[in-house]
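Here is what each chain is made of, one letter per residue.
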Number of protein chains: 2
Amino acid sequence: MTRAFNFNAGPATLPQEVLEEAREELLDYRQGGASVMEISHRGKLYDAVHTEAVENFSKLLGCPDDYAVLFLPGGATMQFAMLPLNLLSAGRTADYINSGSWAEKALKEAKLVGRVNVAADTSKAQPARLPVADELQLTPGAAYVHITSNETIAGTQWKEFPRSDSPLVADMSSDILSRPFDIKQFGMIYAGAQKNLGPAGISLVVMRKDLAENAPANLPQMLRYKAHLEANSLYNTPPTFSIYLMMLVSRWILKQGLENLYRRNAEKAARLYAVIDAGGFYRGTAAPEYRSDMNVTFRLPTEDLEKQFLKQAEELRLQGLKGHRSVGGVRASIYNAMPEAGVEALCGFMREFEAKNG
Amino acid sequence: MTRAFNFNAGPATLPQEVLEEAREELLDYRQGGASVMEISHRGKLYDAVHTEAVENFSKLLGCPDDYAVLFLPGGATMQFAMLPLNLLSAGRTADYINSGSWAEKALKEAKLVGRVNVAADTSKAQPARLPVADELQLTPGAAYVHITSNETIAGTQWKEFPRSDSPLVADMSSDILSRPFDIKQFGMIYAGAQKNLGPAGISLVVMRKDLAENAPANLPQMLRYKAHLEANSLYNTPPTFSIYLMMLVSRWILKQGLENLYRRNAEKAARLYAVIDAGGFYRGTAAPEYRSDMNVTFRLPTEDLEKQFLKQAEELRLQGLKGHRSVGGVRASIYNAMPEAGVEALCGFMREFEAKNG
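Since we're looking at a predicted model, the values are computed, not measured.

Colleague: Sorry if this is basic, but what is going on with the interface of chain A and chain B here?
Modeller: It is common to report an interface's size as the accessible area lost on association of the parts. With 62 residues of chain A at the contact, the number on the chain B side is 62 residues. When chain A packs against chain B, close to 4,900 Å² is buried across both sides, 62% of that on carbon and sulfur atoms. Together, Leu27(A), Met37(A) and Glu38(A) form the three largest contributors to the area buried by chain A at its contact with chain B, with a combined 15%. Taken together, chain A and chain B are joined by 2 salt bridges. For Arg3(A), the salt bridge identified is with Glu38(B), shortest N-O distance 2.6 Å. At the surface where chain A touches chain B, the tally comes to 19 residue pairs in polar contact (both at pLDDT 80 or more). Contributions of two or more residues to the side of chain A that touches chain B are made by helix H1 (16-24), helix H3 (76-87), helix H4 (101-113) and helix H6 (240-256) of chain A. Per element, the largest residue contribution to the side of chain A that touches chain B is 5 residues, and it comes from H1(A).

Rendered as structure tokens:
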């Protein structure tokens with residue numbers, strides 16, 4: 001077995017030791033004679049997994065008692081729907097900041113449910129950027145203000161979050177737990193697991209409990225935050241194996257230390273941006289002050305060179321570097337689990353490719 | 001490693017060879033250098049998994065071209081909501097047959113969304129039973145008629161499905177692909193995976209495509225069957241690892257043969273019911289003609305004996321036999337993946353326990 005360096009944007013590379021532990025106990029969890037995916041979600045063995053997952057994420061995010069940590073089925077796209085279904089009651093307005101493809105998907109779903117104000121729109125900016133504070137047209141008394149903390153496709157990342165009197169809600173799918181932040185700035189955050197937290201098909205949702213109170217009476221239970229909150233994410237049979245993997249990842253993050261991960265992530269990104277900026281061959285697609293530490297996006301002089309670049313990278317086991325189908329180019333996703341050696345290998349290849357073709 | 005015999009109702013035992021194959025390739029899927037859970041859901045390697053899963057389930061269920069096979073996040077409880085949100089338009093009525101705990105949960109969710117007629121109610125019957133044809137008060141022109149093909153808690157199973165002019169919809173979570181049936185009798189079937197199909201947190205939904213056409217315009221995409229149908233369950237990043245496991249299970253079912261599994265399931269159930277009926281010590285809780293081949297439910301003379309029974313069973317590595325917390329007693333869930341040796345061991349223990357305590 002040789003593991004490749006996997007730069008996929010999501011599903012993405014996971015810590016190797018997490019996969020090894022999962023493999024080790026896949027048929028027999030803690031000498032119980034069954035896989036963790038075969039045991040009751042109401043039994044003691046699984047309960048310990050679930051409780052540790054909640055506690056670890058709560059600790060990593062520094063959650064006060066009035067915040068709940070939830071594990072909900074479906075990725076961020078499910079949260080695009082659940083958020084307005086629960087929080088955007090009739091007659092109110094939600095502010096959405098349209099910073100790119102993912103922000104736009106979130107606001108389109110909200111428009112199906114209620115009144116939406118686009119508080120700023122930088123989605124078409126070239127190079128990609130995020131709005132500055134005085135561009136924001138916020139609604140007084142808005143139900144919430146929605147941002148996308150990191151745009152996976154554009155390669156932009158909020159370095160300082162906007163301030164608002166209304167609860168701030170962030171889709172953090174692509175940079176959750178890649179850096180410390182103050183959860184108390186937010187009414188709610190959510191993240192599809194498949195980038196920094198675990199396998200695809202499940203989300204981490206962290207919310208101020210009072211925000212779950214005002215959902216409409218006719219909202220089905222499964223779509224209701226309050227039902228999940230009161231049941232500690234055990235309202236129905238949850239995706240137990242996915243939560244188990246997220247628990248293992250949370251342990252791994254605790255072991256690394258969030259501050260260490262943040263420093264390492266910033267260093268990994270800086271090395272790649274340095275290669276991009278060095279010679280004029282590569283062109284970063286995001287404005288430097290908004291560049292993401294998670295998704296490094298760039299173009300080569302021609303599409304033909306981009307094709308050659310991706311092909312040769314693949315041969316060197318540098319995988320998943322193709323930019324999103326909607327924008328093309330190259331994207332290196334370097335989440336928490338991407339080792340420094342992977343970034344080093346990519347930087348080396350980029351320099352060589354430039355030397356040969358520049 | 002010693003695998004126990006695991007009679008859990010769900011999450012439930014999976015075929016050992018499926019788990020072994022998943023373990024074998026967990027860190028490196030097909031020499032691609034990454035886990036199947038780490039690769040792009042839009043790439044060739046995963047595409048082959050996804051396509052095979054769709055094809056295998058379509059083949060196993062004998063789906064004509066006008067039916068779609070979908071993999072949707074969340075268990076059956078999510079379908080309790082999505083079904084009426086998509087199919088129960090304003091002004092129409094859905095018929096629900098209340099045959100027990102799960103049927104009742106489904107109809108409660110539907111009531112939040114639209115008008116529901118309870119076409120029959122045997123949920124309180126003792127011994128547990130299902131309605132006969134002339135008990136059904138069906139609504140002419142109903143949007144659909146909903147049944148629960150197997151009641152996991154009561155231990156009852158429809159042996160012949162009711163007939164209706166409206167589309168018949170079945171929650172088949174606990175007996176899907178345990179026996180052959182004609183999919184053309186149904187407008188839609190759905191099943192949480194965690195009993196006969198794979199891990200918890202994902203559902204198989206099979207529906208006549210035309211039924212996805214009339215959802216209200218303001219329904220969020222993620223809750224809309226049509227969005228998933230048009231995208232072949234790739235509208236957003238799906239639970240790729242869960243679908244991979246379901247694909248492995250579908251291969252295993254194909255290898256066993258559905259008719260063989262059905263015969264084996266019937267034999268396993270018959271052996272247990274024979275022990276229950278032999279001596280008057282055990283008492284089956286479902287009326288004989290409705291007894292489930294999947295969940296064999298019974299009581300002992302006293303609750304104290306039930307406690308001893310469960311404790312001693314556990315010591316013999318016969319696990320997960322406790323009846324549902326809402327009804328007590330004993331429940332042996334013997335889905336497809338429960339080997340005959342497990343049923344044999346349980347029958348032996350039951351006879352011994354009866355001999356000592358009867």
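Back to the write-up after that little detour.
Colleague: Could you clarify how one ought to interpret the relation of the copies chain A and chain B in this entry?
Modeller: Both copies of the chain are related by one operation, a rotation about an axis with a shift along it. Mapping chain A onto chain B calls for a screw motion: a turn of 180° about the axis and a shift of 0.0 Å along it, with 0.0 Å RMSD after fitting. Classification of the inter-copy transformation places it as that of a two-fold axis. When the interface residues of chain A are mapped onto chain B, 100% of them again lie at the interface, so the same face is used by both copies.

Colleague: Whenever I open this one, helix H3 (residues 76-87) of chain B confuses me. Can you help?
Modeller: Helical periodicity: at 3.6 residues per turn, an α-helix aligns residues three or four positions apart in one direction. All names here are of chain B. Here H3 spans 16 Å end to end across 12 residues, near enough to the 16 Å set by a 1.5 Å rise per residue. With 12 of 12 residues buried, H3 is to be regarded as a mostly interior element. By the burial criterion, the buried members of H3 are Ala76, Thr77, Met78, Gln79, Phe80, Ala81, Met82, Leu83, Pro84, Leu85, Asn86 and Leu87.

Colleague: Explain the sheet that holds strand E11 (residues 283-284) of chain A here, please?
Modeller: Residues and elements named next belong to chain A. Spatially, the 3 strands line up as an open sheet ordered E11-E12-E14, and their pairing is antiparallel. Lying at the two open borders of the sheet, with one neighbouring strand each, are E11 and strand E14 (330-333). Judged from the 2 bridges that link them, E11 and strand E12 (residues 295-299) form a sheet pairing that is antiparallel. Within the sheet, the bridge partner assigned to glycine 284 lies in E12 and is phenylalanine 298. The sheet strands contacting helix H7 (residues 258-279) are E11, E12 and E14, and the helix crosses E12 at an angle near 10°.

Colleague: Sorry if this is basic, but what is going on with a positive patch on the surface here?
Modeller: Residues Arg42(A), Lys105(B), Lys108(B), Lys111(B) and Arg325(B) make up a contiguous surface patch of positive charge. Mapped onto the elements of the fold, Lys105(B) is located in helix H4 (residues 101-113).

Colleague: For this particular structure, what's the right way to read H6(A)?
Modeller: For H6(A), with 17 residues, the first-to-last C-alpha span of 24 Å sits near the 24 Å given by 1.5 Å per residue. Count one or two residues on from H6(A) and you reach Gly257(A), which has phi positive near 90°.

Rules and cut-offs
- Residues numbered from 1 in each chain as written.
- Chains lettered and ligands numbered in written order.
- Predicted model: local features only at pLDDT ≥ 70, side-chain atom pairs only at ≥ 80, totals over all residues.
- Heavy atoms only, no water.
- Contact = heavy atoms within 4.5 Å.
- Buried area = accessible area lost by both parts, 1.4 Å probe.
- Salt bridge = Lys/Arg side-chain N within 4 Å of Asp/Glu carboxyl O.
- Polar contact = N/O pair within 3.5 Å; in protein donor to acceptor, adjacent residues only side chain to side chain.
- Helix = DSSP H or I, 4+ residues; strand = E, 2+ residues; numbered from the N terminus.
- Least-squares fit on C-alpha atoms with pLDDT ≥ 70 in both.
- Expected span 1.5 Å × (residues − 1).
- Buried < 20%, exposed > 50% of the residue type's maximum accessible area, 1.4 Å probe, protein only.
- Pairing = 2+ DSSP bridges.
- Axes fitted to C-alpha atoms, helices over the stretch in contact; angles between N-to-C directions.
- Patch = residues over 30% accessible without salt bridge, like charges linked within 9 Å, V, L, I, M, F, W, Y side chains within 5 Å.
- Areas by Shrake-Rupley, 256 points an atom, 1.4 Å probe, with all protein chains shown as cover.
- Lys, Arg positive; Asp, Glu negative; His and termini not counted.
- Charge placed at Lys NZ, Arg CZ, Asp CG, Glu CD.

It is worth stressing that arrangement in space is one thing and function is another; only the former is reported here.
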